[in-house]
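Analysis of the macromolecular model
Chain by chain, the residues run as shown.
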Amino acid sequence: HAFRPPLPRKLPTTTRTAIDDLYTSKGVTTTTTRAAVAPPPGKSWRTKEGPQSTLIAGGGPAGLLTAIAFAKRGWTNIRVVDRLREPYDPGDELIWSDAARFYLVGLGLRGQTALTELGAWDTVQSYCAEVVGRKDWAPGAGPDEGVERIFTDRPVSTQVIARDRMQGALYKVAKEKYGSQINFDWETEVDVEDDDVTLTKGATEEVLRPSLIVGADGTARTVAMALEENDRRVRIKRYDDDNCRVFKTVPLDLPEGWRGDVNYSTRSKGGRMNFDALPSDAENRRYCGVLLLREGDALAQEDSSPDELRALMKECLPQFEPFVNDENLNNIAKKPASRLPGFRYVGPRIHKADRVVLLGDAIHTVKPYFGLGANSAFEDVTSLDKCLDEHDNGADALKAFSRARAPEAKALVQISRGFDRPGFRGFVSFILPIILDSIFHAKFPKVFGPNTIASLQRRDTFVRVRWNKRR
């Protein structure tokens, strides 16, 4: 083998000056900061001043909101690291005009409340499209046979935004409000071993030992897997996917006469295909549809037949087929399908002393059918913030957070997986209970609660929702 020279290593000392140099970035902050002082040996850092240094593994929406929460508390020396590129400018319309390029997320009461509490909602909302209801077509229904429902009983309307645009909006908040407290490293790999963190960017490797590590790296779970190796109380529960589906995105420009503020949905007879469309630009009625297919379906493959796809859309999507031109159709057929994540959760512990804590998709991964992933991830952040308020040291705060959110992660994943069961099991565990709940709740609202999906959209805990439906 050819000789490869060793990678250069930067080994910072543990002096206050080295930490300042390592974690301080340029920018303007609106928060009064407090210099963290190293705790005495054997003692945990104080939540008021914060740890001397914090590393957040994952610069997605959950990681960025965590950085904002910490900086809002006055903490300094916060470092966000992510393996992907720097987020796009959320205001660049040229990027976001491509409706099928980015996956859309619906922010409900849970997500909006969390973002409001941490001062980020106004910025995020400015890039959202509002959804006030649904229009559904039963299998085999004609274009004029859709049933429209406008929601009037919900505390907030759903706000839809491309996941990457939401990341860009949170990045904007973090830089503009807390730029002197948060430093960012993009296109940087993270590896965790015991208390050491190795960052690799290109040919440069850096080893450091932060006072606090936050695992917010989603399904990569770099930090979670490192904890699992060394702590039997940290376990990643992985479910086999027995209802594997893949998807292709479909850009739609709806004509005059179509609403631009509802979720359009239909499915085919026999379950071959599901289709949902949400607005990416409500003002111009520009939508992004998601065509959900089984993994082995011929049209789910890369370079599938445009003619067969056109025939399927005419048969199963006659209401939308006229709005997909030949160029877009060819692109849809050509591109490979994307996979949905599997169901996984971490527990019964999601922290290690006062050194490591996990949150977001790193502790609960669900298929994004009902908008629970991002919303519950943001709720994790505000729950952690509350635990920091209620305890004066890091060890107690992280322990309280772990006790509060690990059961929630498990309940969320188990409930969501119940929605995804195939065949008859899916009917018994998902469709039939929703029908019965809706009937009984309408007749006896003081005795029977709303159906599970409606309950999940409220701010009730996932543990309580699961318990109520088991009674």
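Everything numeric in this text was worked out from a predicted model, so none of it was measured.

1. Considerations on the overall build of the protein chain
- Per the secondary structure count, the protein chain includes 14 helices and 23 strands.
- By the burial criterion, 51% of the 471 residues in the protein chain qualify as buried.
- When contacts within the protein chain are restricted to residue pairs at least 6 apart in sequence, long-range pairs at least 24 apart make up 72% of them.
- In the structure as shown, the protein chain presents an accessible area of about 22700 Å², 49% of it carried by carbon and sulfur atoms.

2. Considering the packing of helix H10 (residues 372–390) against helix H11 (residues 394–419)
- Interhelical geometry of H10 versus H11 gives an angle of 165° and a closest axis separation of 9 Å. One way to sum up the angle between H10 and H11 is to call them roughly antiparallel. The hand of the H10/H11 crossing is right-handed. Counting all contacts with H10, which are made through Leu372, Ser376, Glu379, Asp380, Ser383, Leu384, Cys387 and Leu388, the residues of H11 involved are Ala397, Leu398, Ala400, Phe401, Ala404, Arg405, Leu412 and Ser416.
- Classifying every residue of the contact of H10 with H11 by side-chain character gives 10 nonpolar, three polar and three charged.

3. A short note on the packing of aromatic side chains
- Enumeration according to the criterion identifies 19 aromatic pairs in this entry.
- Judged by centre distance (6.1 Å) and plane angle (35°), the ring pair of Trp137 and Tyr264 falls under tilted. On the criterion of sequence distance, the pair formed by Trp137 in strand E6 (residues 133–137) and Tyr264 in strand E16 (residues 262–267) is long-range, its members being 127 residues apart.
- Exposure remark for Tyr264: the relative accessible area of 2% places this residue in the buried category.
- Ring geometry for Tyr171 against Trp186: centres 5.3 Å apart, planes inclined by 85°, an arrangement best described as edge-to-face. Of this pair, Tyr171 sits in helix H6 (residues 163–178) while Trp186 sits in the loop between strand E9 (182–185) and strand E10 (189–193); the two residues are 15 residues apart in sequence, bridging distant segments of the chain.

4. Observations regarding H6
- Spanning 16 residues, H6 covers 22 Å between terminal C-alpha atoms, matching the ideal 22 Å at 1.5 Å per step.
- Regarding H6, the residues found buried are Arg165, Met166, Gln167, Gly168, Ala169, Leu170, Tyr171, Val173, Ala174 and Tyr178.

5. Regarding unusual backbone geometry
- Here the bond from Gly347 into Pro348 is cis, since omega is 0°, no more than 30 degrees from zero.
- In this structure, Pro348 sits in strand E20 (residues 344–348).
- A positive phi angle, close to 55°, is found at Arg285, a residue other than glycine.
- A relative accessible area of 17% means that Arg285 is categorised as buried.
- Of note, Asp303 is a non-glycine position whose phi angle comes to about 55°, a positive value.
- One can find Asp303 in the loop between strand E18 (286–294) and helix H8 (306–316).

6. Things to note about the pattern of salt bridges
- For the structure shown, the criterion picks out 28 salt bridges.
- The salt bridge partner of Asp195 is Lys352, with a shortest N-O separation of 3.4 Å. In this pair, Asp195 sits in the loop between E10 and strand E11 (196–201) while Lys352 sits in strand E21 (residues 351–352), placing the two residues 157 residues apart along the sequence.
- Assessed through its relative accessible area of 31%, Lys352 is described here as partly exposed.

7. Let's talk about the pairing of strand E15 (residues 245–253)
- Across the nine residues that make up E15, a large majority, eight, are buried.
- Where E15 lies against E18, nine bridges are found, and the strand directions are antiparallel. The residue bridging Phe247 from the neighbouring strand is Leu292, located in E18.
- Note that E15 and strand E19 (residues 338–339) share two bridges and pair antiparallel. Note that in E19 the partner of Phe247 across the bridge is Ser338.

8. Comments concerning the side chain of His351
- By the secondary structure assignment, His351 is in strand E21.
- The class of His351 is buried, set by a relative accessible area of 4%.
- For His351, the side chain forms a polar contact with the side chain of Ser402, separated by 3.2 Å.
- If we skip the residues at most four places from it in the chain, His351 touches Val234, Val356, Val357, Leu398, Lys399 and Ser402.

9. Some remarks on the pairing of strand E17 (residues 273–281)
- In this sheet, E17 lies alongside E16 in antiparallel orientation, the contact comprising four bridges. Its bridge partner lying in E17, Tyr264 is registered against Ala277.
- Pairing geometry for E17 and E18, over eight bridges, is antiparallel. For Phe275, the partnering residue across the bridge sits in E18 and is Leu291.

10. A few points about the sheet that holds E17
- Pairing is mixed in the open sheet, where seven strands are placed in the order E7-E6-E16-E17-E18-E15-E19. Looking along the sheet, the strands with just one partner apiece sit at the ends: strand E7 (147–150) and E19.

11. Focus on the nonpolar core
- If you look at the biggest cluster of nonpolar residues, it comprises 70 residues, and the most contacted ones within it are Leu65, Phe70, Leu107, Leu115, Val124, Leu170 and Ile182.
- At eight residues, the largest contribution of residues to this core is made by helix H2 (residues 61–72).
- Look past the residues within four positions of Phe70 in its chain and what remains in contact with it is Thr54, Ile56, Trp75, Ile78, Leu212, Val214, Leu384 and Leu388.
- The next biggest cluster of nonpolar side chains, apart from the first, holds 26 residues, and it includes Leu252, Val262, Leu291 and Phe320.

12. Topic: the sheet that holds strand E4 (residues 104–107)
- Taken in spatial order, the three strands line up as E4-E8-E5 in an open sheet, and their pairing is antiparallel. This sheet does not close on itself; its edge strands, each paired only once, are E4 and strand E5 (129–131). Each adjacent strand pair in this sheet contributes to an overall mean axis angle of 35°, direction not counted.
- Pairing geometry for E4 and strand E8 (residues 158–162), over four bridges, is antiparallel. Counted as the bridge partner of Leu104 is Ala162 from E8.

Reading the values: the criteria
- Residues numbered from 1 in each chain as written.
- Predicted model: local features only at pLDDT ≥ 70, side-chain atom pairs only at ≥ 80, totals over all residues.
- Heavy atoms only, no water.
- Helix = DSSP H or I, 4+ residues; strand = E, 2+ residues; numbered from the N terminus.
- Buried < 20%, exposed > 50% of the residue type's maximum accessible area, 1.4 Å probe, protein only.
- Contact = heavy atoms within 4.5 Å.
- Areas by Shrake-Rupley, 256 points an atom, 1.4 Å probe, with all protein chains shown as cover.
- Axes fitted to C-alpha atoms, helices over the stretch in contact; angles between N-to-C directions.
- Parallel < 35°, antiparallel > 145°, perpendicular 65-115°, else oblique.
- Left-handed = near helix turned anticlockwise from the far one by under 90°.
- Nonpolar A, V, L, I, M, F, W, Y, C, P; charged D, E, K, R; others polar.
- Phe/Tyr/Trp six-rings, centres within 6.5 Å; stacked < 30°, edge-to-face > 60°.
- Expected span 1.5 Å × (residues − 1).
- Salt bridge = Lys/Arg side-chain N within 4 Å of Asp/Glu carboxyl O.
- Pairing = 2+ DSSP bridges.
- Polar contact = N/O pair within 3.5 Å; in protein donor to acceptor, adjacent residues only side chain to side chain.
- Core = buried A, V, L, I, M, F, W, Y, C linked by side-chain atoms within 4.5 Å.

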